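Residue-level listing of the chains:
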Amino acid sequence: MEFTAAEELEIEHLKMHKQDLLDDIQKLKMAIDNVMAEIQDFESTEENKLIERGKQLSRGKKKFNMDPKKGVHYLVENKLLDLTPQGVAEFLYKEDGLNKTAIGDYLGEREDIHLQILKAFVELHEFSDLNLVQALRQFLWSFRLPGEAQKIDRMMEAFATRYCDCNPGVFQSTDTCYILSFAIIMLNTSLHNPNVKDKTSLERFISMNRGINNGEDLPNELLTKLYESIRNEPFKIPEDDGNDLTHTFFNPDREGWLLKLGGRVKTWKRRWFILTDNCLYYFEYTTDKEPRGIIPLENLCVREVSSPRKPYCLELYNPNSKGQKIKACKTETDGRVVEGKHQSYMISAATAEERDDWIESIRASITKDPFYDLVSVRKRKVINQAPHD
């Protein structure tokens, strides 16, 4: 079959158009392939970013658990945390994997930003329609109360303010709530710490709290209900502090990092020390379940000493048994508990102020109740402000 010249020209145009279409289709395919590759690269990049951010967050939490301030600085620096009171408070309140001891230590600092963070943290708790024991259970589950008196004072003041804001009319002042909160914490220790032989009775608990409501007595029914709640169920301690020595390490007199000189091998090692119940415990890490060593303070004295190798040193020694080993124990790396090798304990603090605070705390631990000064000062304030006839 023969085509006319016009038909052949038309066929030729159609062939060229077909080829153009095929070329366009090929270009479109290549463009689609390029876009898909870019999407895959983008998704892979985003996935890698998420993985890296997850690693950074995990790294930041580990840093926080070892040194709270350094951990927060790392997280802020890597844009994983907003350095605002609300941002940090929510992180401490909601984030999993944070050590409760580290949270308490961070919240108790006295700098203005820490005070704002503490306020925001406490305001994340809802205490409305809870009695004081219920509120304390919730509050003390979210962190571990530090050992230093000033930190405890700031944190319990913030708690009392929040509780009274949530429950107006229950107490006549935040001072009343503050004093009664301490009384409840001390009652918990008295009733459930096996080292305390003289258990507080209901009658004594009521008597201890007379006149704390702006000079007036709180209802016996309220105090009885609070007493029975603690007697029937002690405060639960967050898991990272849960061990057989729970009651021993709850509300210590003081705690913190110090350097300790070895007894047999004279090397300095960083240890986490806890002072409570007339004993000094030391751990390798804050998260350890059991202490590496226990130093009973009975018959010991403490003094400031100088050392050629470390500044700000203090020494624990027995003034009546020079040259003899101090009765103490430590845990070997294989888990065996053995007698300590020290005739005296040489310990180094980070600053002169910290050393002096430890010396004062150790001396006070031997003779005084850890909360005595805090509560007695507040009680005097309440009684002095009470209206007189």
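Provided above is the structure to which this section pertains.
These notes cover the structure that comes with them. Please read these numbers as outputs of a predicted model, since none were measured by experiment.

Of the regular secondary structure elements, the protein holds 13 helices and nine strands. Projected onto its principal axes, the C-alpha positions of the protein cover 125 × 65 × 35 Å. Residue pairs in contact within the protein that sit at least 24 positions apart in sequence constitute 61% of those at least 6 positions apart. Carbon and sulfur atoms form 51% of the exposed surface of the protein, whose accessible area is close to 21900 Å². Of the charged side chains in the protein, 55 are positive and 64 negative; the average position of the first set lies 11 Å away from that of the second.

Taken in spatial order, the nine strands of this open sheet run S5-S6-S9-S1-S2-S3-S4-S7-S8, and their pairing is antiparallel. Edge strands, defined here as strands with exactly one partner in the open sheet, are strand S5 (301-305) and strand S8 (337-339). The sheet shows a mean angle of 30 degrees between the axes of neighbouring strands, direction not considered. Bridging between strand S2 (residues 268-276) and strand S3 (residues 279-283) involves five bridges; their strand directions are antiparallel. Residue Phe-273 lies in a different strand from S3, and its bridge partner there is Tyr-282.

This paragraph deals with the nonpolar core. Within the largest apolar cluster, 61 residues are counted, with the highest numbers of intra-cluster contacts made by Leu-92, Leu-132, Met-156, Phe-159, Leu-180 and Ile-184. Considering each element in turn, this core owes the most residues, eleven residues, to helix H8 (residues 174-192). For Ile-184, the residues in contact, after removing those within four places along its chain, are Leu-132, Val-133, Leu-136, Phe-205, Leu-226, Ile-230 and Phe-235. The next biggest cluster of nonpolar side chains, apart from the first, holds 19 residues, and it includes Leu-258, Leu-280, Ile-326 and Ala-328.

When the charged atoms of two side chains lie near each other, side chains of opposite charge can form a pair. Using the criterion set out here, one finds 16 salt bridges in the structure. The partner of Arg-144 in a salt bridge is Glu-255, and the shortest N-O contact between them spans 3.4 Å. Separated by 111 residues along the polypeptide, Arg-144 in the loop between helix H6 (132-141) and helix H7 (149-166) and Glu-255 in strand S1 (residues 254-261) bring together distant segments of the chain. The two residues Arg-144 and Glu-255 agree in class, both being buried. Across the pair Asp-357 and Arg-254 runs a salt bridge whose closest N-O atoms are separated by 4.0 Å.

Time to look at the packing of H7 against H8. Between H7 and H8, the shortest axis-to-axis distance is 9 Å and the interhelical angle comes to 120 degrees. Considering their axes alone, H7 and H8 lie oblique with respect to each other. Note that H7 runs across H8; the crossing there is right-handed. From H7, Ile-152, Asp-153, Met-156, Glu-157, Phe-159, Ala-160, Thr-161, Tyr-163 and Cys-164 reach across to H8, where they touch Thr-174, Cys-177, Tyr-178, Ser-181, Phe-182 and Ile-185. By residue class, the composition of the contact of H7 with H8 is ten nonpolar, three polar and two charged.

Taken across its five residues, strand S9 (residues 344-348) has four buried, putting it largely inside the fold. Where S1 lies against S9, two bridges are found, and the strand directions are antiparallel. Bridge assignment links Lys-260 to a residue of S9, and that residue is Ile-347. Across five bridges, strand S6 (residues 313-317) lies against S9 in antiparallel orientation. In the sheet register, Cys-313 faces S9, and the bridge partner there is Ser-348.

On the surface, Lys-55, Arg-59, Lys-62, Lys-63, Lys-70 and Arg-270 cluster together to form a positively charged patch. With four residues, helix H1 (residues 5-66) is the single largest residue contributor to the positive patch. Looking at where Arg-270 falls in the secondary structure, it is placed in strand S2.

This part is about H6. For the α-helix, the turn length of 3.6 residues means that residues three or four positions removed from each other point alike. Of all ten residues that make up H6, seven are buried, and the element is covered over most of its length. For H6, the complete set of buried residues consists of Leu-132, Val-133, Ala-135, Leu-136, Arg-137, Phe-139 and Leu-140. At its buried positions, H6 is contacted by helix H5 (112-123), H7, H8 and helix H10 (220-232). Of the residues that open H6, the one with a side-chain oxygen 3.0 Å from the backbone nitrogen of Val-133 is Asn-131.

By the secondary structure assignment, Glu-304 is in strand S5. Along the primary structure Glu-304 and Leu-316 are separated by twelve residues, whereas in three dimensions their C-alpha atoms are 9.3 Å apart. Polar side-chain contacts of Glu-304 include one of 3.5 Å to the side chain of Arg-355.

As a further point, take H7. Between its terminal C-alpha atoms H7 stretches 26 Å, which fits the 26 Å expected from 18 residues at 1.5 Å a residue. When H7 is considered as a whole, its buried residues turn out to be Lys-151, Ile-152, Met-155, Met-156, Ala-158, Phe-159, Ala-160, Arg-162, Tyr-163, Cys-164 and Cys-166.

Moving on, we come to the packing of aromatic side chains. Aromatic rings considered in pairs are described by the distance between their centres and by the relative angle of their planes. Considering all chains together, one arrives at 15 aromatic pairs under this definition. Relative to Phe-159, the ring of Phe-127 has its centre 5.3 Å away and its plane inclined at 65 degrees; by these criteria the two rings are edge-to-face. Remark: Phe-159 occurs in helix H7 and Phe-127 occurs in the loop between H5 and H6; sequence separation between them is 32 residues. Owing to a relative accessible area of 0%, Phe-127 belongs among the buried residues under this scheme. Between Phe-205 and Tyr-227, the ring centres sit 5.9 Å apart and the planes meet at 50 degrees, which makes this aromatic pair tilted. Of this pair, Phe-205 sits in helix H9 (residues 202-208) while Tyr-227 sits in helix H10, and the two are 22 residues apart along the sequence. Note on accessibility: Phe-205 and Tyr-227 belong to one class, buried. Taken together through their ring pairs, the aromatic side chains of Tyr-93, Phe-121, Phe-127, Phe-139, Phe-143, Phe-159, Tyr-163 and Phe-171 make up a single cluster. Taking NZ or CZ as reference, Arg-270 lies 3.9 Å from the ring centre of Trp-257, over its face. In this structure, Arg-303 packs its charged tip against the face of Tyr-317, placed 3.8 Å from the ring centre.

Calculation criteria
Throughout this description, residue numbers start from 1 for each chain and increase along the sequence as written. pLDDT decides what is reported in this predicted model: residues at 70 or higher carry local features, side-chain atom pairs at 80 or more are listed and counted, and totals for whole chains, interfaces and linings draw on all residues regardless. Side-chain figures throughout are based on the complete set of non-hydrogen atoms in the structure, without hydrogens or water. Only runs of H or I of at least four residues qualify as helices and only runs of E of at least two qualify as strands under DSSP, and these elements are numbered from the N terminus. Contact criterion: two residues are considered in contact whenever any of their non-hydrogen atoms come within 4.5 Å of each other. Calculation of accessible area relied on Shrake-Rupley with a 1.4 Å probe; when residues are assessed, cover is drawn exclusively from the protein chains displayed. Counted as positive: Lys and Arg. Counted as negative: Asp and Glu. His and the chain ends are not counted at all. Charge positions come from single atoms, namely NZ of Lys, CZ of Arg, CG of Asp or CD of Glu. For two strands to be treated as a pair, DSSP must find at least two bridges joining them. A fitted line through C-alpha atoms serves as each axis, taken over the contacting stretch for helices, and the angle formed by two N-to-C directions is quoted from 0 to 180°. In this description, a nonpolar core means a group of buried Ala, Val, Leu, Ile, Met, Phe, Trp, Tyr and Cys residues linked to one another through side-chain atoms lying within 4.5 Å. Burial classification: accessible surface area is computed with a 1.4 Å probe over protein chains only, and a residue below 20% of its type maximum counts as buried, one above 50% as exposed, and the rest as partly exposed. Here, a salt bridge means any Lys or Arg side-chain nitrogen found within 4 Å of an Asp or Glu carboxyl oxygen. Angles are sorted into four bins: roughly parallel if under 35 degrees, roughly antiparallel if over 145, roughly perpendicular if 65 to 115, and oblique for all others. Here a crossing is called left-handed whenever its near helix is offset anticlockwise from the far helix by less than a right angle, and right-handed whenever the offset is clockwise. Here the term charged refers only to Asp, Glu, Lys and Arg, the term nonpolar to Ala, Val, Leu, Ile, Met, Phe, Trp, Tyr, Cys and Pro, and the term polar to all other amino acids, Gly among them. Patch definition: residues above 30% relative accessible area lacking any salt bridge, with like charges linked at up to 9 Å and the nonpolar side chains Val, Leu, Ile, Met, Phe, Trp and Tyr linked at up to 5 Å. Under the rule applied, a polar contact is a pair of N or O atoms within 3.5 Å (in protein, one hydrogen donor and one hydrogen acceptor; residues adjacent in sequence only if both atoms are side-chain atoms). Take the residue count of a helix, subtract one, and multiply by 1.5 Å to get its expected span. Only the six-membered ring of Trp is used, alongside the rings of Phe and Tyr, when aromatic pairs are assigned; centres must lie within 6.5 Å, and planes under 30 degrees apart are stacked while those over 60 apart are edge-to-face, with the rest tilted. Two conditions define a charge sitting above a ring: the NZ of Lys or the CZ of Arg must be within 6 Å of the ring centre, and it must be within 35 degrees of the ring normal.

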